[in-house]
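Observations on chain architecture
Listed below, chain by chain, are the residues.
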Amino acid sequence: MKFRNIKKSLDGAIYTIFTPFKKNLEIDYIGLEKYLDFLYNSGARVFYAMPYNSRYSQLKEKEIFKLNKFCIQKIDSYDNALVIVSDTIHGPTSLKKELCLSAKENGCKLFASICREKYFNDNQIYMHYEELNKCNIGIIAHVMPFLSGYNSNNFNWPLSIFKKLSKLKNLIGIKEDTKDVNYGKKMIKMFGKRFKIIFAGQKKYFIKLNPDRNFSYLNSSSIIDPRIDKIFLNLLKNDNRKDLVKFVKYIDDYFWNNLCDKYGWHRVNKASIEAIGYFKRYERLPMIHLTAKEQLNLKKKILILQKRLKKIIL
């Protein structure tokens, strides 16, 4: 698949690959496979294993290599599907390059790299992605706020970095994770033609971005049912703003306001998947999962969401 075709295939919703654990805290590959089958059979076509959502922070390096290989092979078994896998949150560029080459050897077309080292200058970041560019595989830069190497302050990536990264022909996408509307709009205006920009966050945020037809985003609330994205994208495409805002408030805002705000996104995602019956919410310390009481409350909210969605579909 040519990089141009890969960029085009990234339009719309991109589905997170969550890493489940058994009660003994081994990776639950059977549960993961069942959940991926559910997503694919419900319409998902692009899948993304990423550092935080996919629990790389709870995995050993050898487990990340193995998980990436499993995800690549599983998604490749589907017709017309694309998988993105990632590197470690921390570690030298040499390790990240090793993960990139391993993904390529296993048949992956698109690799995402996060740069969480303290920031000193743009060239430092450029050199990191320049090394990955040499792997001759499609690359996504996973953009999260930097930690300054000078005063430890958090700040968004200077836009000047993306001008430098534009020189790297294999770098085709940006996962934009600031959840800052003004920053997102600048990204679309300045770099939307050069890079496929994948946004993360709530759907009400996506509406404010006024995206064009090349809009891409991480699925969030539709982890429980990809049909949420189908409805959202159709309303967005038809420029039906009144119904779009109404739908987002009714479904996505309910999910975030009643669950994520209370328990936190990273605990809610796996707890929600347990609530719909695919794998357990177990986490490895220092991450913790919801208590039995909290899970019961979450499941009640998920049932309300499912009923709401059923009313819309019917």
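In short, a report on the structure. (Residues numbered from 1 in each chain as written. Predicted model: local features only at pLDDT ≥ 70, side-chain atom pairs only at ≥ 80, totals over all residues. Heavy atoms only, no water.)

1. Topic: the overall build of the protein chain
- For the protein chain, the count of helices and strands is 13 helices and 10 strands.
- For a compact globule of 314 residues, the expected C-alpha radius of gyration is about 20 Å, and the protein chain comes in at 19 Å, within 12% of that figure.
- Principal axes of the C-alpha set define a box for the protein chain whose edges measure 50 × 50 × 45 Å.
- Within the protein chain, residue pairs in contact and separated by at least 24 positions form 68% of the contacts whose partners lie at least 6 positions apart.
- Carbon and sulfur atoms make up 50% of the accessible area of the protein chain, which amounts to about 14,900 Å² in all. (Helix = DSSP H or I, 4+ residues; strand = E, 2+ residues; numbered from the N terminus. Rg over C-alpha atoms; globule rule 2.2 N^0.38 Å. Contact = heavy atoms within 4.5 Å. Areas by Shrake-Rupley, 256 points an atom, 1.4 Å probe, with all protein chains shown as cover.)

2. Structural notes on the packing of aromatic side chains
- Within this structure, the stated rule accounts for 24 aromatic pairs.
- With a centroid separation of 6.0 Å and an interplanar angle of 35 degrees, the aromatic rings of Phe-47 and Tyr-78 are classed as tilted. Residue Phe-47 is found in strand E2 (residues 46-48), and its partner Tyr-78 is found in the loop between helix H3 (61-76) and strand E3 (82-86); the two are separated by 31 residues along the sequence.
- Given a relative accessible area of 10%, Tyr-78 falls into the buried group.
- An aromatic cluster is defined as three or more aromatic residues linked by ring pairs; in this entry it consists of Tyr-119, Tyr-129, Phe-146, Phe-155, Trp-157, Phe-162, Phe-191 and Phe-195.
- When the ring centre of Tyr-126 is taken as reference, the NZ or CZ atom of Lys-164 above it lies at 5.0 Å. (Phe/Tyr/Trp six-rings, centres within 6.5 Å; stacked < 30°, edge-to-face > 60°. Buried < 20%, exposed > 50% of the residue type's maximum accessible area, 1.4 Å probe, protein only. Lys NZ or Arg CZ within 6 Å of the ring centre and 35° of its normal.)

3. Some points on H3
- Here H3 is 16 residues long and its end C-alpha atoms lie 23 Å apart, about the 22 Å a rise of 1.5 Å per residue gives.
- If you check which residues of H3 are buried, you get Glu-63, Ile-64, Leu-67, Asn-68, Cys-71, Ile-72, Lys-74 and Ile-75.
- Looking at the buried side of H3, the elements it contacts are helix H2 (29-41), E2, E3 and helix H4 (93-105). (Expected span 1.5 Å × (residues − 1).)

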